[in-house]
Amino acid sequence: MSYEEVIFYFVAAVTVLGALGVVVARNVVHSALFLILALLAVAGVFILLSAEFLAIVQILIYGGAVTILILFVMMLTRVRDMPQALDGPQRPFAALAAGAFLALSVLAAVSSDWPGETEKITVVPFRELGDALFRIWAVPFEVASLVLLVALIGAIILARSEEGE
Amino acid sequence: MEEAWLIPALPAAAFVILLLFGKYLPRHGDWLAIGAIATSFVLFFFVLADLLDDMVGTEFDKALGQSGIEWVSFGDFELRLGFQVDQLAIVMLAVVTFITLMVLVYSTGYMKGDPRYGWYFAAISLFAAAMLTLVLADNFLLLYAAWEGVGFGSYLLIGFWHEKRSATEAAKKAFITTRIGDVGLLIGIILLWREAGTFDMSEIFEFAESGGYSSEYLTMAVLFLFAGAVGKSAQFPLHVWLPDAMEGPTPVSALIHAATMVVAGVYLVARLMPLFAAADPIALNVVTAIGLTTVMMSATMGLVATDIKRVIAYSTINSLGLMMVALGSLSVSAAMLYLFAHSFFKALLFLSAGSVIHATERQEVSELGGLARRMPVTAAVFAVGALSMAGIVPLAGFWAKDEILNVAGDSQNFVVYGFLMLSVFITALYMTRVVILTFLGEPRDREAHQHAHDAEPVMTLPLLLLAGLTVMAGFVVFDGVGEALGFPGGIGEFVFLEGPEAFHFPWDVAVLSTLSAVAGLAGGFYFWSGAAEPARRAGELFRPAYEILKRKFFMDDIYQWAIDRVVLAAGGVIAWFDRNVVNDTGVDGSARLGVFAGFGMKFLETGKLPNYALAIVTGVIVLAIVFMVVRV
Amino acid sequence: MIPIENFLVLSGILFSIGIYGVLARRNAVLIIMSVELMLQAVSINFIAFAVYLHPEQFTGLIFAIFVITIAAAEVGLALGIILRIFRNKGTANVDEVDMLKW
């Protein structure tokens, strides 16, 4: 067992534990904290995949912005103040569906015959990534920024109190 | 000859424009309809010149006359939409465009002030377009479509005054009666196509001549085709619609129910003569028998009809029967000559009868009489038409009728010949009768007589033109006249299908037919002049025969009985089946099932997001399993 | 080295947990969090395929960047909608918002 594998299993275990915590925690704030844990662990997975740039983006956007936003909304919707069940009545079906999907995806991942290299990572340099992003993918990039702008305005309009409220 | 398609296209365009914008055009666009058909008439001369140019001696390569486009093509099957110009079509083109033009000009006077003046011209344009397409069609499908279009135009025009119940009844009767024949035509076309695999006429002719059809099969097919001709050309036993069709405006009767549409059946048989010739002789015998029956029945019924238009209608059926006899004698040229001559004098008769009706607003002969003094021009041209119909030398009807008598005498037995001679006598008799009752003697309705006068010039001019043609059209039988007009070998050789066939003029036939006709004339004067006392006494003497004729051989009663007892009873059963099984169980039942199922299904729509999400995930999992199993 | 299957299985586990969360939870905010987990799984998959199978094209990396971008926009909008629902209906539980039915 090489040290890389040891690190992978550790990071993977943290990821899975964090994710499980998100979906089973009895307290919504605990769920949010588990989410941060899972997201940071996924950043670790990205590093293992030698996608350092994405790991940094992951930590900045998810670990920072998204979780903060979620915590804010929890506060605004006073989820904690209302004593009520967090899970719906179709939990058994959910477990069944999730289990079936897990079995299928593991089966697909293991049994498929992947074309090309499956044992070794080829590192993609930052420079090439940036180059491609602003040359080949320039139009989608600009469209994505437009989407972000629209989402920003939309979120403001949705969340703002109307007069008389 | 590529411009031939324009001939039907122009009236069709006129119809569309009149239908859409007729209201906004000055004079409701009658000038547009007239202009379109006049242009078609001019185009006819160009097409004729082309045709004569393409002729080598008296031979004509049919392929030169064909033009068209590919319409539908799937697999090996190709359907062409094409026009065919040949000698036969040329004659019909001449007749249809000229008569339509005359009738439209006449109608501007006759229909003046009618609330649906514009629609009248639109409908006639539609009819003309369909009729011209029918004439030019080079395949059976196009022919059938035009055939139905013609029937539809006729339906519209018979029922033109649809405020009158009798007019709508007559329109329905005409449509349904001819439809019976049309079904036969369709079956015949399908039978021909089934074996030959094509709708193209010339290919089917070749197929038949090379023995592709068995004799019985071909005979059956042509008899079905002939059923279509029987319906359209008002032959026994489907002749009953034509007298009733006189409910339409009189110019319509002149155009459709005398000169053009009703001869479509004759044209069809003439067009398909190669098939009839290739079939068992029994087919031609059927044609002859039907034609002869029609001739005798219509001639005798014409003797007792009291409506001036109905008398002419019976004379039309009479003429159509004669043409069928000619075709039954394998003589296309005789039939086409009669068709050509007949269109002029029959249109003349109808249009001048129209002038009488227009002037007096009466059409029962018992209310007319003595009009010759008031309407001399109308009386004169009517008399010309009547004499032509009766077959008096030298009018067009004489030459054409003699030709038919001649071919019938040559190829049929003496019974046919004898009956035809008898019909000549009866025809002269009833034509004399209608002339006398309408124009001679004392006026029976003083008031109508007072107001009567010759019609305005726009109506009289077509009458005079037609009268002139009635006098002269017969001379085309002489080869010298035909050659002078530029037809190689004379008109008789121009209009032929099977080998050269000139017109004949045997003295025995001419003398005999003239004697019959003159005897008919004299008889007519004897029976009906003055107070018509001899006619009344003859009616008393032969009362049963008179009653049978009055009741039109009980044909209408038989049909009425058949409709009441057979059609309606069968219809009742079908209606019950439709109501209870098809409607209540099939349609309503399935609708109720849908409502019930929908009621049950709506509970699946809980409105709760997690349920929907679960359904999505389940769907994804099922799809994933399917893909993994089939390994796409 | 770590074979690619390890990452794929990890992403499958993460995605299944996300599915469970989306289906089982009734609070809208918790559902959004579960959706984020599923998006993370997808990103892992994309990156793994890019660096293992097609490092010369690395389209998967680009896609992961866009996934993160769009996810940020989506979270912003979704939370705005949740706030609005909470204000109008007094609840953030999705099974209590069921007006859209027969």
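Up top you'll find the structure we're talking about.
Residues numbered from 1 in each chain as written. Chains lettered and ligands numbered in written order. Predicted model: local features only at pLDDT ≥ 70, side-chain atom pairs only at ≥ 80, totals over all residues. Heavy atoms only, no water.

Asker: Sorry if this is basic, but what is going on with the overall build of chain C here?
Answerer: Looking only at helices and strands, one finds three helices and zero strands in chain C. Going from the N terminus to the C terminus, chain C shows its helices and strands as α-α-α. Residue pairs at least 24 apart in sequence account for 61% of intrachain contacts in chain C once pairs closer than 6 positions are excluded. Here chain C displays about 3200 Å² of accessible surface, and carbon together with sulfur accounts for 69% of that area. (Helix = DSSP H or I, 4+ residues; strand = E, 2+ residues; numbered from the N terminus. Contact = heavy atoms within 4.5 Å. Areas by Shrake-Rupley, 256 points an atom, 1.4 Å probe, with all protein chains shown as cover.)

Asker: Can you help me understand the overall build of chain B in this one?
Answerer: Secondary structure assignment for chain B yields 28 helices and two strands. In chain B, buried positions account for 55% of the 632 residues. Here chain B displays about 25900 Å² of accessible surface, and carbon together with sulfur accounts for 69% of that area. (Buried < 20%, exposed > 50% of the residue type's maximum accessible area, 1.4 Å probe, protein only.)

Asker: Hey, could you run me through helix α3 (residues 52-77) of chain A in this one?
Answerer: One turn of the α-helix equals 3.6 residues, which is why residues spaced by three or four share an orientation. Residue and element names in this part refer to chain A. Compared with an ideal rise of 1.5 Å per residue, which puts 26 residues at 38 Å, α3 spans 36 Å between its outermost C-alpha atoms and is within 8% of the ideal. Along α3, the sharpest kink reaches roughly 25°, centred on Y62. Looking one or two residues beyond α3, the residue adopting positive phi is R78, at roughly 50°. (Expected span 1.5 Å × (residues − 1). Bend = angle between axes of the 7 residues up to and from the residue.)

Asker: How should the interface of chain B and chain A be read in this particular structure?
Answerer: It is common to give the size of an interface as the accessible area that goes away when the parts come together. With ten residues of chain B at the contact, the number on the chain A side is nine residues. When the two sides are added together, the surface that chain B and chain A hide from each other amounts to roughly 730 Å², 76% of it contributed by carbon and sulfur. Counting across the chain B and chain A interface gives zero salt bridges. Here chain B and chain A share two residue pairs in polar contact (both at pLDDT 80 or more) between them. (Buried area = accessible area lost by both parts, 1.4 Å probe. Salt bridge = Lys/Arg side-chain N within 4 Å of Asp/Glu carboxyl O. Polar contact = N/O pair within 3.5 Å; in protein donor to acceptor, adjacent residues only side chain to side chain.)

Asker: Can you walk me through a nonpolar patch on the surface in this structure?
Answerer: Residues and elements named next belong to chain A. Taken together, the side chains of L146, L149, V150, L152, I153, I156 and I157 make up a nonpolar region of the molecular surface, amounting to roughly 670 Å² of accessible area. With respect to the helices and strands, the residue I153 is situated in helix α6 (residues 138-159). Taking relative accessible area as the criterion, I153 reaches 43% and is therefore assigned partly exposed. (Patch = residues over 30% accessible without salt bridge, like charges linked within 9 Å, V, L, I, M, F, W, Y side chains within 5 Å.)

Asker: Just to check I follow, could you spell out unusual backbone geometry for this structure?
Answerer: Cis geometry is adopted by the peptide bond preceding P237 of chain B, which originates at F236 of chain B and carries an omega value of 5°. Structurally, the position occupied by P237 of chain B is in the loop between α8 (215-232) and α9 (241-244). The phi torsion at F58 of chain C lies on the positive side, around 40°, for a residue other than glycine. Residue position: F58 of chain C is located in the loop between α2 (28-52) and α3 (59-89).

Asker: Looking at this structure, I do not really get the nonpolar core. What am I missing?
Answerer: Grouped burial of nonpolar side chains is what soluble globular proteins tend to show. Judged by nonpolar contacts, the single largest core of 206 residues is most densely connected at I99, L275, F276 and L327 of chain B. A per-element tally of this core places helix α15 (residues 332-360) of chain B first, with 19 residues. When residues no more than four places from it in sequence are discounted, the contact partners of F276 of chain B are V222, F226, V269, A283, L284 and V287 of chain B. If you look at the next biggest cluster of nonpolar residues, it comprises 88 residues, including Y62 of chain A, I621 of chain B together with L8 and A71 of chain C. (Core = buried A, V, L, I, M, F, W, Y, C linked by side-chain atoms within 4.5 Å.)

Asker: For this particular structure, what's the right way to read helix α1 (residues 3-24) of chain A?
Answerer: With 22 residues, α1 of chain A extends 31 Å between its outermost C-alpha atoms, agreeing within 8% with the 32 Å of an ideal straight helix rising 1.5 Å per residue. Turning to α1 of chain A, its buried residues are F8, V11, A12, T15, V16, G18, A19, G21, V22 and V23 of chain A. Contact partners of the buried residues in α1 of chain A: α2 (28-48) of chain A together with α1 (4-24) and α2 of chain C.

Asker: How do you make sense of the packing of aromatic side chains when you look at a structure like this?
Answerer: Here the distance between the centres and the angle between the planes together describe a pair of aromatic rings. All names here are of chain B. Evaluated as defined, the whole model comprises 30 aromatic pairs over all chains. Ring geometry for F98 and F344: centres 5.8 Å apart, planes at 75°, overall edge-to-face. Of this pair, F98 sits in helix α3 (residues 87-110) while F344 is found in helix α15, placing the two residues 246 residues apart along the sequence. Take F98 and F344: they sit in the same class, and that class is buried. Each residue in the set F41, F44, F45, F98, F340 and F344 is aromatic and connected to the rest through ring pairs, giving one cluster. Positioned above the aromatic ring of F160 is the side chain of R116, whose terminal nitrogen or guanidinium carbon lies 5.2 Å from the ring centre. For the cation-ring pair, R179 lies above F175, with the distance from its terminal atom to the ring centre recorded as 4.9 Å. (Phe/Tyr/Trp six-rings, centres within 6.5 Å; stacked < 30°, edge-to-face > 60°. Lys NZ or Arg CZ within 6 Å of the ring centre and 35° of its normal.)

Asker: Mind showing me how you'd approach the interface of chain C and chain A here?
Answerer: Residue-level contacts link 71 residues of chain C with 88 residues of chain A. The junction of chain C with chain A conceals about 7200 Å² of combined surface from both sides, 76% of it contributed by carbon and sulfur atoms. Ranking the residues of chain C by area buried against chain A places M1, Y20 and R25 of chain C at the top, with a combined share of 10%. Where chain C meets chain A, there are one salt bridge. A salt bridge links D87 of chain A to R25 of chain C, with the nearest nitrogen and oxygen atoms 3.0 Å apart. For the pair chain C and chain A, the interface holds 13 residue pairs in polar contact (both at pLDDT 80 or more). If you tally residues by element for the side of chain C that touches chain A, the top one is α3 of chain C, at 24 residues. By residue class, the composition of the side of chain C that touches chain A is 48 nonpolar, 15 polar and eight charged. (Nonpolar A, V, L, I, M, F, W, Y, C, P; charged D, E, K, R; others polar.)

Asker: Help me out: how do you make sense of the pattern of salt bridges in this one?
Answerer: Should the charged atoms of two oppositely charged side chains come close, the side chains can pair. Residue and element names in this part refer to chain B. Evaluation of the coordinates by the stated rule reveals 17 salt bridges over all chains. Of the charged contacts in the structure, one is a salt bridge between K112 and E456, with a shortest N-O distance of 3.3 Å. On the criterion of sequence distance, the pair formed by K112 in the loop between α3 and α4 (117-136) and E456 in the loop between α20 (446-451) and α21 (457-472) is long-range, its members being 344 residues apart. Across the salt bridge formed by D182 and R179, the nearest N and O atoms sit 3.7 Å from each other. On the criterion of helical spacing, the pair formed by D182 and R179 is a turn pair, its members being three residues apart in helix α6 (residues 165-196). Judged by its relative accessible area of 1%, D182 falls in the buried class. In this structure R179 comes out as partly exposed when scored by relative accessible area, which is 30%.

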